[in-house]
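Structure assessment
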Amino acid sequence: MEFLIIKKIDIIIIKQVVELKARLHCKACEKAVRKALCKIKGVRCVQIDSKSNKITVLGYMETKVIIKAIRKTGQKAEALPSSHPYEAPSPRLPTGFRCIIPRCGL
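Since this is a predicted model, take the numbers as computed values, not measurements. (Residues numbered from 1 in each chain as written. Predicted model: local features only at pLDDT ≥ 70, side-chain atom pairs only at ≥ 80, totals over all residues. Heavy atoms only, no water.)

1. A word on the packing of helix H1 (residues 27–38) against helix H2 (residues 63–72)
Two elements in contact, H1 and H2, have axes separated by 9 Å at closest approach and are oriented at 140°. Comparing their axes, H2 and H1 come out oblique. Considering the relative orientation of H1 and H2, their crossing is right-handed. Facing Val33, Ala36 and Leu37 of H1, the residues of H2 in contact are Ile66, Ala69 and Ile70. Residues that form the contact of H1 with H2 fall into these classes: six nonpolar, no polar and no charged. (Axes fitted to C-alpha atoms, helices over the stretch in contact; angles between N-to-C directions. Helix = DSSP H or I, 4+ residues; strand = E, 2+ residues; numbered from the N terminus. Parallel < 35°, antiparallel > 145°, perpendicular 65-115°, else oblique. Left-handed = near helix turned anticlockwise from the far one by under 90°. Contact = heavy atoms within 4.5 Å. Nonpolar A, V, L, I, M, F, W, Y, C, P; charged D, E, K, R; others polar.)

2. What about the sheet that holds strand E4 (residues 77–79)?
What the four strands build is an open sheet, ordered E2-E3-E1-E4; its pairing is antiparallel. Every interior strand has two partners, whereas the edge strands, strand E2 (43–49) and E4, have only one. Neighbour to neighbour, the strand axes of the sheet diverge by 25° on average, direction disregarded. In this sheet, strand E3 (residues 54–59) lies alongside E2 in antiparallel orientation, the contact comprising six bridges. (Pairing = 2+ DSSP bridges.)

3. Here's the deal with the pattern of salt bridges
Working definition: two side chains of opposite charge can pair if their charged atoms are close together. Inspection of the entire model under this criterion finds two salt bridges. Between Lys54 and Glu19 there is a salt bridge, and its shortest N-O distance comes to 3.6 Å. Of this pair, Lys54 sits in strand E3 while Glu19 sits in strand E1 (residues 16–22), and the two are 35 residues apart along the sequence. In this structure Glu19 comes out as buried when scored by relative accessible area, which is 7%. A salt bridge links Glu30 to Arg34; its shortest N-O distance comes to 3.5 Å. Of this pair, Glu30 and Arg34 are both found in helix H1, four residues apart, which corresponds to roughly one turn of the helix. There is no split in this pair, since Glu30 and Arg34 are both buried. (Salt bridge = Lys/Arg side-chain N within 4 Å of Asp/Glu carboxyl O. Buried < 20%, exposed > 50% of the residue type's maximum accessible area, 1.4 Å probe, protein only.)

That is the geometry; function is a separate question.
Next comes the structure, spelled out in structure tokens:
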């Protein structure tokens, strides 16, 4: 019997702000999306603006993972061009970002 040993490669992900456009019809949709996003490893904060159909996520994660989690709830989502440039990790939130769930993902 032969075994193939594959070494796991560590990927460094920096703290980022991901902005998405998703149409959330009601509070139940919003709650389902928030719950799905908070389960993702690395997500620190989720902000949902149902009036402008915008979801903002802060954390150490990839955009693809965020979109996939939203689509699993039955909602369509697409990434918006980020107005926040990639920066070195900082313990503070970007300006203009207010965290509604401070312990999300911890």
